[in-house]
Amino acid sequence: MTVIKIEHLSKSFGRNEVLKDVNFQVEKGEVVCLIGSSGSGKSTLLRCINLLETPSGGQIIYKGENILDEKHNIQEYRTHLGMVFQQFNLFNNHNVLKNCTVGQMKVLKRSKVEADEIALKYLQIVGMDQYVNAKPRQLSGGQKQRVAIARALSMSPEVMLFDEPTSALDPEMVGEVLKVMRQLADSGNTMLIVTHEMEFAKEVADRVVFMDKGVIVEEGPPAQVLVNPQHERTKAFLKRTL
Ligand code: ADP
Ligand code: MG
């Protein structure tokens, strides 16, 4: 089943055309890694998918429905997408547990008991259940990112979107976050991941999408795109990242 389908998506900031006729889709249970140089439009694409940015043109189809259609409830749509940012974006005034429950109670109208239970389940999965009372400032970057992942999962999203989740981390903390993501991938979560971690992409992705200057240049299984790329631009990019 196709969960998200992007058709002819474009986005301009003023005269800067950042996304140009982007087409691709994510199937249920699929792990897609989106790679490409800085400035190629990867974050803008994720931000358009969850409507943090309004696309300039094209369609975003979620389970068969065009969510850019006027009559579609954007707030409802957003609850199906879990987003993990480079900079964690935790609520610094809330402890770890509350970070993972406020959205559940406010948006999904879950009771506190239920929200706590669900949050604890995911905090356990990311190995942060011992820190329920800690405030974000007491945590390392890797721990914060694991809480951010648990928070997103607590909303029971249909798709998890990750925007360079390890790029702001000290090198020694990258592994613990990738390990959690690998675990999520193995347990069947649908994931769209912007990353510069080529080894991770090679091992975990079902499909790799290479973007350059706002267009998808090449996509396919990691063994094809990362090991035996067909396009010159992909080859040049991979050479630079080695
Ligand atoms: P990537 O995530 O691949 O590094 P981005 O999507 O962040 O690329 O950026 C692509 C281009 O869009 C860049 O030229 C960037 O300057 C521009 N851009 C991104 N967000 C904005 C914005 N809010 N306003 C104006 N320009 C933007
Ligand atoms: Mg980016």
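Residues numbered from 1 in each chain as written. Chains lettered and ligands numbered in written order. Predicted model: local features only at pLDDT ≥ 70, side-chain atom pairs only at ≥ 80, totals over all residues. Heavy atoms only, no water.

**Concerning the overall build of the protein**
- Across its full length, the protein carries 10 helices and 10 strands.
- The C-alpha radius of gyration computed for the protein amounts to 18 Å, which stays within 12% of the reference 18 Å derived for 242 residues, consistent with globular compactness.
- Based on the C-alpha atoms only, the size of the protein along its principal axes is roughly 50 × 45 × 35 Å.
- A burial count over the protein gives 52% of its 242 residues as buried.
- Partitioning the contacts of the protein with sequence separation of at least 6, the portion at a separation of at least 24 is 65%.
- Summing over all exposed atoms, the protein offers an accessible surface of approximately 11,600 Å²; the carbon and sulfur share of this is 48%.
- Each charge sign in the protein was given a centre, from 30 positive and 29 negative side chains, and these centres are 5 Å apart. (Helix = DSSP H or I, 4+ residues; strand = E, 2+ residues; numbered from the N terminus. Rg over C-alpha atoms; globule rule 2.2 N^0.38 Å. Buried < 20%, exposed > 50% of the residue type's maximum accessible area, 1.4 Å probe, protein only. Contact = heavy atoms within 4.5 Å. Areas by Shrake-Rupley, 256 points an atom, 1.4 Å probe, with all protein chains shown as cover. Lys, Arg positive; Asp, Glu negative; His and termini not counted. Charge placed at Lys NZ, Arg CZ, Asp CG, Glu CD.)

**Focus: the pattern of salt bridges**
- As enumerated under the stated definition, the model contains 14 salt bridges in all.
- The residue Lys202 makes a salt bridge to Glu199 at a minimum N-O spacing of 3.6 Å. Remark: Glu199 and Lys202 occur in helix H8 (residues 198-204); sequence separation between them is 3 residues, near one turn of the helix.
- On the basis of relative accessibility, which here comes to 36%, the residue Lys202 falls in the partly exposed class.
- Take Glu199: its relative accessible area is 48%, and that puts it in the partly exposed class. (Salt bridge = Lys/Arg side-chain N within 4 Å of Asp/Glu carboxyl O.)

**Focus: the packing of helix H6 (residues 141-154) against helix H7 (residues 171-186)**
- Two elements in contact, H6 and H7, have axes separated by 8 Å at closest approach and are oriented at 20°. Considered as vectors, H6 and H7 are oriented roughly parallel to each other. In this structure, the crossing between H6 and H7 has a hand that is right-handed. In this structure, H6 uses Gly141, Gly142, Gln143, Gln145, Arg146, Ile149 and Leu153 to contact H7, whose residues at the interface are Met173, Glu176, Val177, Val180, Met181 and Leu184.
- Looking at the contact of H6 with H7 residue by residue, the class counts come to 7 nonpolar, 4 polar and 2 charged. (Axes fitted to C-alpha atoms, helices over the stretch in contact; angles between N-to-C directions. Parallel < 35°, antiparallel > 145°, perpendicular 65-115°, else oblique. Left-handed = near helix turned anticlockwise from the far one by under 90°. Nonpolar A, V, L, I, M, F, W, Y, C, P; charged D, E, K, R; others polar.)

**What about the nonpolar core?**
- Among the nonpolar cores identified, the biggest contains 49 residues, and Leu123, Ile149, Phe162, Met181 and Met191 are the most heavily contacted of them.
- Looking at this core element by element, the count peaks at 8 residues for H7.
- Residues contacting Met191, with those up to four places away along its chain left out, are Glu30, Val31, Val32, Met160, Phe162, Met181, Leu184 and Ala185.
- Grouped together as the second largest cluster of nonpolar side chains are 28 residues, Val22, Leu51, Leu81 and Val159 included. (Core = buried A, V, L, I, M, F, W, Y, C linked by side-chain atoms within 4.5 Å.)

**Brief notes about the pairing of strand S1 (residues 2-13)**
- As judged from the 8 bridges shared by S1 and strand S2 (residues 16-27), these two strands associate in the antiparallel manner. Bridged to Phe13 within S2 is Asn16.
- Once S1 ends, the chain turns through 2 residues before running back antiparallel as S2, passing Gly14 with a positive phi of about 60°.
- Relative to strand S4 (residues 57-62), S1 runs antiparallel, the two sharing 5 bridges. (Pairing = 2+ DSSP bridges.)

**Quick look at the UniProt feature "domain: ABC transporter" (unreviewed entry) in the protein**
- With numbering aligned to this structure, UniProt lists the feature "domain: ABC transporter" (unreviewed entry) at residues 4-238.
- Between the C-alpha atoms that bound residues 4-238 the distance is 27 Å, and the span itself is 36% helix and 26% strand. (UniProt positions renumbered as here; feature names shortened; annotations may be inferred.)

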